[in-house]
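Listed below, chain by chain, are the residues.
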Amino acid sequence: MASGMQGRMARKAMSKKADGMLEPLLSIIDEDDSSSSSSSSDESSQYSDSTGASSISVKVKQTKMQKLKTGLVTIGLGIGVVASAGAMIITPVTAVFVMGGVLVANVPYSAF
């Protein structure tokens, strides 16, 4: 019996800790979260799609390192496109056009 109660207390503590970590990520925070009971129906309704989750927009701030990596990837993709175009002009062979076309086609997917 004691291990079951300890398990429930541990789950409740982990749930509160997880809610605390998610709080900065959420744009709408339920203020009466601390007064709600710990039943699973309350938790499932709190995170359900009933609020129209498709209309909720969360603004994410990038860290300096993420901005640096994004810039380097963008520069690398730009260099790859320029190199592919140059290779197509210098050596107009079918294989070069295919490889350059694959690179250029993948740039939008890699950039975003």
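Just so you know, these numbers come straight off a predicted model, no measurement behind them.

Q: I would appreciate a short explanation of the overall build of the protein chain in the present structure.
A: Looking only at helices and strands, the protein chain has four helices and zero strands in total. Listing every helix and strand of the protein chain by position from the N terminus yields α-α-α-α. Counting every position in the protein chain, which comprises 112 residues, the buried fraction comes to 7%.

Q: Sorry, what's going on with the packing of helix α3 (residues 64-90) against helix α4 (residues 94-111) here?
A: A pair of packed helices can be characterised by two numbers: the angle between their axes and the separation between those axes. Where α3 contacts α4, the axes come no closer than 9 Å and their chain directions differ by 160 degrees. Comparing their axes, α4 and α3 come out roughly antiparallel. Remark: the crossing between α3 and α4 carries left-handed chirality. Contacts between α3 and α4 involve V73, L77, G80, V81, S84, A87 and M88 from the former and V96, F97, G100, G101, L103, V104, V107, S110 and A111 from the latter. Partitioning the contact of α3 with α4 into residue classes produces eleven nonpolar, five polar and no charged.

Q: So what exactly am I meant to see when it comes to the confidence of the model for the protein chain here?
A: Close reading of the predicted structure is inappropriate where its pLDDT is low. Considering every residue of the protein chain, the mean pLDDT works out to 75; 64% of them sit at 70 or more. Confidence, expressed as mean pLDDT per element, reaches its minimum in the protein chain at helix α2 (residues 40-46) with 51 and its maximum at α3 with 91.

Q: Is there a simple way to explain a nonpolar patch on the surface in this structure?
A: Together, M65, L68, L72, I75 and I79 line one region of the surface with nonpolar side chains, adding up to about 520 Å² of accessible area. By secondary structure assignment, the location of I75 is in helix α3.

Q: Is there a simple way to think about α4 in this case?
A: Owing to its 3.6 residues per turn, the α-helix brings residues three or four apart onto one side. The terminal C-alpha atoms of α4, which comprises 18 residues, lie 26 Å apart, in line with the 26 Å expected from a rise of 1.5 Å per residue. Along α4, the sharpest kink reaches roughly 25 degrees, centred on A105 and followed within four residues by the proline P108. Of all the positions in α4, only V96, G100 and V107 are classed as buried.

Q: Just to check I follow, could you spell out α3 for this structure?
A: Taking 1.5 Å of rise per residue, the 27 residues of α3 would be expected to cover 39 Å, and the 39 Å separating its terminal C-alpha atoms lies within 8% of that figure. All of the buried residues along α3 are L77, G80, S84 and M88. Where α3 is buried, its residues contact α4.

Q: What should I look at first to understand a positive patch on the surface in this one?
A: A grouping of K59, K61, K64 and K67 is seen on the molecular surface, where their side chains present a positively charged patch. Within the secondary structure layout, K59 lies in the loop between α2 and α3. With relative accessibility at 79%, the residue K59 sits in the exposed group.

Scoring rules and cut-offs
Residues numbered from 1 in each chain as written. Predicted model: local features only at pLDDT ≥ 70, side-chain atom pairs only at ≥ 80, totals over all residues. Heavy atoms only, no water. Helix = DSSP H or I, 4+ residues; strand = E, 2+ residues; numbered from the N terminus. Buried < 20%, exposed > 50% of the residue type's maximum accessible area, 1.4 Å probe, protein only. Axes fitted to C-alpha atoms, helices over the stretch in contact; angles between N-to-C directions. Parallel < 35°, antiparallel > 145°, perpendicular 65-115°, else oblique. Left-handed = near helix turned anticlockwise from the far one by under 90°. Contact = heavy atoms within 4.5 Å. Nonpolar A, V, L, I, M, F, W, Y, C, P; charged D, E, K, R; others polar. pLDDT = per-residue confidence, 0-100. Patch = residues over 30% accessible without salt bridge, like charges linked within 9 Å, V, L, I, M, F, W, Y side chains within 5 Å. Areas by Shrake-Rupley, 256 points an atom, 1.4 Å probe, with all protein chains shown as cover. Salt bridge = Lys/Arg side-chain N within 4 Å of Asp/Glu carboxyl O. Expected span 1.5 Å × (residues − 1). Bend = angle between axes of the 7 residues up to and from the residue. Lys, Arg positive; Asp, Glu negative; His and termini not counted. Charge placed at Lys NZ, Arg CZ, Asp CG, Glu CD.

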